[in-house]
Amino acid sequence: MIQSPFCIIWLLIISNLFLLSRTLDQKEEVKNVKLAPCQLCRTLVDSFKKGIEKTEKGNFEGGDSAWEEERRLVYAKSEVRFVEIQERLCSEVERGQAHCQSTAELWEHHLENWWNHHQDKDLYDWLCIETVEDCCPTNHYGRSCSPCLGYPNNVCSGNGRCKGNGTRKGNGECKCDNGYDGTLCDKCAIGYYVSYQDELKLLCSKCHTSCDGECTQAGPKGCLKCKSGWMMSSEGGCLDIDECISDSGSGPCSNQQFCINKEGSYTCLACDPACDGCNGDGPDMCTRCAQGFILKDNLCVDGPSWDNEGAGQTTRYITYLGLCIATFIIFQKNPIIASFIGILAFNYYYHQRIAIRGIMYSTKVFGSH
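Reference entry: report on the structure contained in this document. (Residues numbered from 1 in each chain as written. Predicted model: local features only at pLDDT ≥ 70, side-chain atom pairs only at ≥ 80, totals over all residues. Heavy atoms only, no water.)

1. As for the packing of aromatic side chains
Under the definition given, this model contains five aromatic pairs. Where Phe48 meets Trp115, the ring centres are 6.3 Å apart and the plane angle is 70°; that geometry is what we call edge-to-face. A residue pair is termed long-range when its members are at least 10 positions apart, and Phe48 in helix 2 (residues 37–54) and Trp115 in helix 6 (residues 108–117) qualify at 67 residues. In this structure Phe48 comes out as buried when scored by relative accessible area, which is 0%. (Phe/Tyr/Trp six-rings, centres within 6.5 Å; stacked < 30°, edge-to-face > 60°. Helix = DSSP H or I, 4+ residues; strand = E, 2+ residues; numbered from the N terminus. Buried < 20%, exposed > 50% of the residue type's maximum accessible area, 1.4 Å probe, protein only.)

2. Thoughts on the packing of helix 2 against helix 4 (residues 79–87)
For the pair helix 2 and helix 4, interaxial distance at closest approach is 9 Å and the crossing angle is 130°. With respect to their mutual orientation, helix 2 and helix 4 come out oblique. In the packing of helix 2 onto helix 4, the handedness of the crossing is right-handed. Of the residues in helix 4, those in contact with Phe48, Gly51 and Ile52 of helix 2 are Arg81, Phe82, Ile85 and Gln86. When grouped by side-chain class, the residues that make up the contact of helix 2 with helix 4 number four nonpolar, two polar and one charged. (Axes fitted to C-alpha atoms, helices over the stretch in contact; angles between N-to-C directions. Parallel < 35°, antiparallel > 145°, perpendicular 65-115°, else oblique. Left-handed = near helix turned anticlockwise from the far one by under 90°. Contact = heavy atoms within 4.5 Å. Nonpolar A, V, L, I, M, F, W, Y, C, P; charged D, E, K, R; others polar.)

3. Observations regarding helix 6
Every buried residue of helix 6 is accounted for by His110, Leu111, Trp114 and Trp115. Down the axis of helix 6, the sector holding all buried residues measures 135°, keeping them to one side. Along helix 6, the residues that are exposed and aim more than 90 degrees away from the buried face are His109 and His117. (Arc of directions from axis to C-beta.)

4. Focus: the state of the cysteines
A disulfide bridge is the covalent bond that connects two cysteines by way of their sulfur atoms. Scanning the model with the defined rule gives 16 disulfides in all. Bridging Cys156 to Cys174, the disulfide has an S-S length of 2.1 Å. The sign of the -90° torsion about the S-S bond sets the Cys156-Cys174 disulfide as left-handed. Here Cys174 lies in strand 4 (residues 174–176) and Cys156 lies in the loop between strand 2 (146–147) and strand 3 (160–162), a separation of 18 residues in the sequence. (Disulfide = S-S within 2.5 Å.)

5. A closer look at the side chain of His140
Within the secondary structure, His140 is located in strand 1 (residues 140–141). Classification of His140 by relative accessible area gives buried; the value is 12%. Within polar-contact distance, the side chain of His140 engages the backbone oxygen of Thr138 at 3.0 Å. (Polar contact = N/O pair within 3.5 Å; in protein donor to acceptor, adjacent residues only side chain to side chain.)

6. What about the pattern of salt bridges?
Applying the stated rule across the entire model yields four salt bridges. Two residues, Asp276 and Arg288, come together in a salt bridge whose shortest N-O distance is 3.3 Å. With a gap of 12 residues between them, Asp276 in the loop between strand 12 (265–270) and strand 13 (293–296) and Arg288 in the loop between strand 12 and strand 13 connect regions that are remote in the sequence. Taking the relative accessible area as the measure of exposure, Arg288 reaches 33% and is therefore partly exposed. (Salt bridge = Lys/Arg side-chain N within 4 Å of Asp/Glu carboxyl O.)

In structure tokens:
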């Protein structure tokens with residue numbers, strides 16, 4: 001059924017409106033996200049600092065250059081500038097914008113107090129840490145802002161992070177990076193080895209893929225134990241086992257599959273359809289030819305089927321019958337020509353039978369190897 005252009009345009013409009021509605025809903029959800037206390041305070045402070053940057057070159061209207069400079073100095077700490085910043089506060093925030101704006105209204109007196117009396121202090125430290133007490137200094141955690149493990153110079157040995165760092169939450173324990181372990185993340189985890197270490201720095205690197213657990217150095221020689229699919233060698237460490245090689249010669253795959261060895265494992269892939277068993281991919285890797293295929297030039301190729309052979313025999317018999325009728329008709333008028341045609345027909349029939357028997361013999365003999 002052919003749709004009219006009007007219907008197509010209408011469907012496009014509806015689909016675009018639906019997508020636009022979904023996008024607006026998602027943006028609204030992001031704006032209404034509730035932020036964690038310290039994250040909320042940091043977001044609000046960042047927005048206020050951006051407002052300071054945007055109004056940095058502002059001043060009062062009118063006046064000559066001298067007055068402009070003087071008024072700029074006055075404007076820098078003026079109530080007018082504070083109001084301009086306050087009006088646009090949190091407008092650029094995407095995630096948690098509504099939460100940021102409502103908190104800005106609630107903390108307006110705190111911000112105004114800092115603006116008028118404490119601009120010599122960092123706003124984040126004064127507001128978030130000292131005043132509302134939602135955050136802690138860096139590398140401190142919890143209600144009392146306790147120092148993290150390893151503070152001040154080597155928190156978690158530089159190989160992890162302190163839980164609750166910079167907030168009034170968390171327990172101060174070290175959450176180690178991948179490859180590290182221990183209370184202070186000062187040890188290598190299982191599956192890793194020490195590749196470098198000094199008084200302050202520990203570097204752990206991953207063991208070779210053949211290692212089962214611990215290792216002492218890089219490569220398969222460093223393994224203390226080998227994974228399944230590998231075997232331990234006194235000289236080379238963990239060596240890959242070739243599962244495709246079997247003492248019995250059968251291998252792990254079925255008759256209609258061939259084996260591909262991989263590191264620590266193997267894969268079985270299907271033989272070519274021309275094969276009845278194979279040693280690899282393709283019709284030249286068959287151990288025997290499948291039924292309906294014959295071996296030719298070391299390849300298993302399509303052989304004559306019973307249907308094709310039957311159709312060919314029918315055609316030949318019709319040909320022979322036609323030659324015999326023609327010979328009989330011609331014989332009545334010219335025996336010599338009729339005899340010559342009969343000899344040709346017999347010769348054609350004889351050689352066709354020889355060719356068919358040869359093909360059938362090849363299928364039985366070569367196709368079974």
